[in-house]
Amino acid sequence: MTLSNQAGIESVAPWRDATLPIDERVDALIAEMSVAEKVAQLYGVWVGASDDGEDVAPHQHDMDDHVDFDAILPMGLGQLTRPFGTAPVDPATGALSLQRAQQRIMAANRFGIPALAHEECLAGFATWGATAYPVPLSWGASFDPDLVREMGRRIGDDMRSVGVHQGLAPVLDVVRDARWGRVEETIGEDPYLVGTVATAYIQGVESAGVIATLKHFVGYSASKGGRNLAPVSVGPRELADVLLPPFEMAIRESGVRSVMNSYTDLDGIPTAADASLLTGLLRDEWGFEGTVVADYFSIAFLKELHRYSEEWTDAARDALAAGIDVELPTVKTFGPAFVRAVEDGEVDGGLIDRALRRVLRQKAELGMLDAAWSPVPSALADRDGASEDVRGSVDLDPAANRDLARRLAEEAVVLLSNDGTLPLARPKRIAVVGPTAADPYAVLGCYSFPSHVGVRHPEIPIGISLPTLQDAVAAEFPDAEIVYAQGTTVDGGETEGFDAAAAAASAADVVVLALGDRAGLFGRGTSGEGCDVADLSLPGAQQALLDAVLDSGTPTVVTLLAGRPYALGSAPERAAAIVQTFFAGEEGTAAISGVLSGRVNPSGRLPVSVPRDPGAQPSTYLAATLARRSEVSNIDPTAAFAFGHGLGYSHFVWADAAASAAEMGVDGSVTVSIHVGNAGERDGVEVVQLYVHDPVASVVRPVQRLIGYARVPLRVGDRVRVSFEVPADLVSFTGADGHRRVEPGAIDFGFGRSSAEIVATRTVRVTGDVRHVGSRRALHAKVDVTPE
């Protein structure tokens, strides 16, 4: 856009002038906008890119009042919702469709402002043909933030290359009840693990120039009964010490530029209308300066579900007042009635300007207000723009992506138990049994494109290579005879296939029994959003199949391809080995097979506990004494395999634990360390976990709490000293007065192979008076690994 001065010389409008400070540009633009133009920047429209390269088209859905695209564009548009993730589309023609939509949007509004395009990216860019990486629960199992950061960067690069500006990930919810269907989307049940891994992922995405989005702020995973979109009634200390720390870490350390609210209510206050969270804590205390985007339809839910707001306009006002800036996925409450309410003074126009300033600042930071900004994405920069010429020219699943997916999948495989059967010694006949053995979707989570969208388009190829576990085992053991029997389906409950499964097992040298989940949405799967369960029994008749195969007497390797942990009955005692994976992505079956053969030395560790009793829920390792086994209750919540547990094929020796001092001040630090050596016969990776135990505190504390970890590769014969320099802030907690504090007294630092296997403990006394610490406290121990 150009302006003419009195001499008739054209000049660039100030908001288009990239040489001016961003705030000055944004203020100049806001001053020129009408109320309708302002509000139009505060909502998205759900669209689908065209597979023939033509313009995007509005997507119809349950809460849609039908959006007239032509009618709204003259006012401008804030966001385009999931142009690639709504239906299968060739990546190149989809990019061309998005480019043409942006050109249309810019031409239609008088300021030439493009829309910000967002997509899901929970386990990879959620579009047809893009790499399906392991789900976040597998990220947690890797205990490898560096590799997750690398994945985040690659996902961000792929999205940016086709014109996407924002990704709706990661999920920072801490697992509190594994019955919740969205466990697969989380990183685990420990806030420190969640915070460190999520922060790394965000850093990767943001380094690609794509906006990452923290979700779901906050408390979503602590719903009553493990039910999706259910009330939450956590206490203030659980909120402060378990649910909030991952978000705080990410805000402080990742450079994240967007936050998405939770659907839930916290003790009766819907998060979408909670100014104490979205403004007081997030912005005033933590200093967040980015945008808060509404989880899909959550502003409308203030009226429809929470019964908090009387009319649509009230819901829009309440959300804006709380601190939400953008209505997603489409315009519902921010429509014409709301615009009139603002124009008539019924809604404070200052709320609009506050949100608009954040939105326009973000667009300016992305270069989208610059006069030189082009809607042509980098993937099409050298193309002539004809759809028939670009089709097939963009590869979102190249070899480098698959290699990264492979490395992460291999690191995420958790070997739970092994009687020496693994690695397999060249078996002649392998029975591959179970409902997930021949299912290519068994490695995919709910928000993978094939499971989320592709299943609605069976006429379209999956778009990526997804070898089944049966295929992968056959490739890994080319000299073995592979016999397959399904036994039962994932959740159908059939038992008529048991005899064939038992017969196949009896005639084999070893059984690979593949159990687990089918990801889906809202009850269409056994794991995923809205796929909550009453207890943690294996779905359908899988437990009965497991028992029948174990009864065959053939050594059985139980393999879990699942989205959550399940109780496994007598398998921990009877199975030859148990291999746990959490939807390990397109390279997941090869990773499992590599563990079976020994090609891969497993190094994954459990990010969530595996229960022994399917009904002893909710339960996590972050438990106080009263939450553990006792003589006054007949329910034993003790896990079959604890948080942090995982075996490998190397033998590591831990010794000589030490503390640099017997005391540290309430504002001091201490270094604790331990020797770790590889005394086995093959190179491997050990994961050293540091836990804190507070014997006496002014409020009840968990018996163990993770405060640091180190993933340590060791060659045969290598020996290192692993040291953690621990600031006193890491032993702080929220006291009875609601303030975070460091208290004097004894603290036990435990070096653990898991939360239940503490190898060595060193006690350090904290000295001085109670010290209150704020949100600028230290969040990490400094880790050092020194060869000896």
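Residues numbered from 1 in each chain as written. Predicted model: local features only at pLDDT ≥ 70, side-chain atom pairs only at ≥ 80, totals over all residues. Heavy atoms only, no water.

Caption draft 1: The overall build of the protein, seen in detail. Of the regular secondary structure elements, the protein holds 22 helices and 32 strands. Since a compact globule built from 788 residues should have a radius of gyration of about 28 Å, the 27 Å found for the protein is in line with a globular shape. Once the C-alpha set of the protein is aligned to its principal axes, its extents read approximately 90 × 70 × 50 Å. Relative to its 788 residues, the protein shows a buried fraction of 62%. Of the roughly 27300 Å² of accessible surface on the protein, a fraction of 48% belongs to carbon and sulfur atoms. (Helix = DSSP H or I, 4+ residues; strand = E, 2+ residues; numbered from the N terminus. Rg over C-alpha atoms; globule rule 2.2 N^0.38 Å. Buried < 20%, exposed > 50% of the residue type's maximum accessible area, 1.4 Å probe, protein only. Areas by Shrake-Rupley, 256 points an atom, 1.4 Å probe, with all protein chains shown as cover.)

Caption draft 2: Representation of the environment of proline 21 in the model. Locating proline 21 in the fold gives a position in the loop between β2 (10–12) and α1 (22–32). It is 43 Å that separates the C-alpha atoms of proline 21 and valine 234, two residues lying 213 residues apart in sequence.

Caption draft 3: View of the pattern of salt bridges. Throughout the structure, instances matching the rule amount to 51 salt bridges. Ionic pairing is found between glutamate 185 and arginine 182, a salt bridge with its closest N-O pair at 2.7 Å. Each member of the pair, glutamate 185 as well as arginine 182, is classed as buried. The partner of glutamate 248 in a salt bridge is arginine 252, and the shortest N-O contact between them spans 3.8 Å. (Salt bridge = Lys/Arg side-chain N within 4 Å of Asp/Glu carboxyl O.)

Caption draft 4: Spatial organisation of empty space enclosed by the protein. Applying the stated criterion across every chain, the model contains 5 cavities of 30 Å³ or more. Looking at the largest cavity, its volume works out to about 90 Å³. Contributing to the lining of the largest cavity are 15 residues, with Phe125, Ala130, Ala132, Phe449 and Pro450 lying nearest its centre. Of the residues assigned to the lining of the largest cavity, the class counts are 10 nonpolar, 5 polar and no charged. (1 Å grid on protein atoms, 1.4 Å probe; cavity = no way out; pocket = protein on both sides within 12 Å on 5 of 7 lines; lining within 4 Å. Points joined across faces, edges and corners; volume = space filled by probe spheres on them. Nonpolar A, V, L, I, M, F, W, Y, C, P; charged D, E, K, R; others polar.)

Caption draft 5: Here's a closer look at the state of the cysteines. Tallied over the entire structure, the rule returns 0 disulfides. Cysteine 531 supplies the cysteine sulfur nearest to cysteine 446, a cysteine that is in no disulfide, at a spacing of 6.4 Å. Cysteine 446 sits in the buried class, given a relative accessible area of 1%. On the accessibility criterion, cysteine 531 (3% relative accessible area) is buried. (Disulfide = S-S within 2.5 Å.)

Caption draft 6: Expanded view of the nonpolar core. Within the largest apolar cluster, 184 residues are counted, with the highest numbers of intra-cluster contacts made by Leu77 and Phe217. At 8 residues, helix α7 (residues 191–207) tops the list of elements feeding residues into this core. Every residue in contact with phenylalanine 217, bar those within four places of it in the chain, is listed here: Leu244, Phe247, Val259, Met260, Asn261, Ser262, Thr271, Leu277, Leu278, Leu281, Leu282 and Trp286. (Core = buried A, V, L, I, M, F, W, Y, C linked by side-chain atoms within 4.5 Å. Contact = heavy atoms within 4.5 Å.)

Caption draft 7: Fine view of the environment of leucine 647. Of note, leucine 647 is situated in the loop between β20 (639–641) and β21 (652–659). For the pair leucine 647 and arginine 753, spaced 106 residues apart in the sequence, the C-alpha separation amounts to 9.3 Å.

Caption draft 8: Just the sheet that holds strand β22 (residues 663–665), in detail. Taken together, the 5 strands give an open sheet; going across it, the order is β22-β30-β29-β24-β25, and neighbouring strands pair in mixed fashion. Both outer strands of the open sheet, β22 and β25 (705–714), are each paired with one neighbouring strand and no more. Strand-to-strand twist of the sheet, defined as the mean angle between neighbouring strand axes without regard to direction, takes the value 30 degrees. By the bridge criterion, 5 bridges tie strand β24 (residues 684–693) to strand β29 (residues 745–754) in an arrangement that is antiparallel. Following the sheet pairing, valine 692 is matched in β29 by phenylalanine 749. (Pairing = 2+ DSSP bridges. Axes fitted to C-alpha atoms, helices over the stretch in contact; angles between N-to-C directions.)

Caption draft 9: Representation of the layout of surface pockets within the structure. Put simply, the largest pocket is a space of about 1000 Å³. Along the wall of the largest pocket there are 43 residues; nearest its centre are Arg176, Glu238, Val242, Leu622 and Pro702. For the lining of the largest pocket, the secondary structure elements donating two or more residues are α7, α8 (236–243), α9 (245–253) and β25. Tallying contributions element by element places α8 first for the lining of the largest pocket, with 4 residues.

Caption draft 10: Spotlight on the packing of aromatic side chains. Tallying each qualifying case throughout the model produces 16 aromatic pairs. Their ring planes at 70 degrees and their centres at 5.1 Å tell us that phenylalanine 217 and phenylalanine 247 sit as a pair that is edge-to-face. Separated by 30 residues along the polypeptide, phenylalanine 217 in strand β8 (residues 211–217) and phenylalanine 247 in helix α9 bring together distant segments of the chain. For phenylalanine 217, a relative accessible area of 0% gives the class buried. Ring geometry for phenylalanine 724 against phenylalanine 751: centres 6.4 Å apart, planes inclined by 45 degrees, an arrangement best described as tilted. Here the residue phenylalanine 724 occupies a position in strand β26 (residues 719–727), and phenylalanine 751 occupies one in strand β29, the gap between them amounting to 27 residues. Neither phenylalanine 724 nor phenylalanine 751 differs from the other in exposure class; each is buried. (Phe/Tyr/Trp six-rings, centres within 6.5 Å; stacked < 30°, edge-to-face > 60°.)

Caption draft 11: Geometry of the sheet that holds strand β18 (residues 577–582). With respect to topology, 6 strands assemble into an open sheet ordered β13-β18-β17-β16-β14-β15, the strand pairing being mixed. Every interior strand has two partners, whereas the edge strands, β13 (414–418) and β15 (481–485), have only one. Along the sheet, successive strands turn relative to each other by an average axial angle of 20 degrees, direction set aside. With respect to the sheet, helix α18 (residues 469–476) is in contact with β14 (429–433), β15, β16 (510–516) and β17 (556–562), its orientation differing from that of β15 by roughly 165 degrees.

Caption draft 12: Structural context of the pairing of strand β30 (residues 757–767). Of the pairings in the sheet, the one linking β22 to β30 comprises 3 bridges and is parallel in character. Within β30, the position partnered with glutamate 663 by the bridge is arginine 765. Where β29 meets β30, 9 bridges bridge the pair, whose relative direction is antiparallel. Bridging from a neighbouring strand, alanine 746 pairs with arginine 765 of β30.

Caption draft 13: Local environment of the packing of helix α6 (residues 145–161) against α7. Interhelical geometry of α6 versus α7 gives an angle of 30 degrees and a closest axis separation of 6 Å. Comparing the axis directions of α6 and α7 gives the class roughly parallel. Once α6 is placed against α7, the crossing between them reads as right-handed. Only Thr196, Val197, Ala200, Tyr201, Gln203, Gly204, Val205 and Ser207 of α7 make contact with α6, whose side of the interface consists of Pro145, Val148, Arg149, Met151, Gly152, Arg153, Ile155 and Gly156. For the contact of α6 with α7, the per-class residue count stands at 8 nonpolar, 6 polar and 2 charged. (Parallel < 35°, antiparallel > 145°, perpendicular 65-115°, else oblique. Left-handed = near helix turned anticlockwise from the far one by under 90°.)

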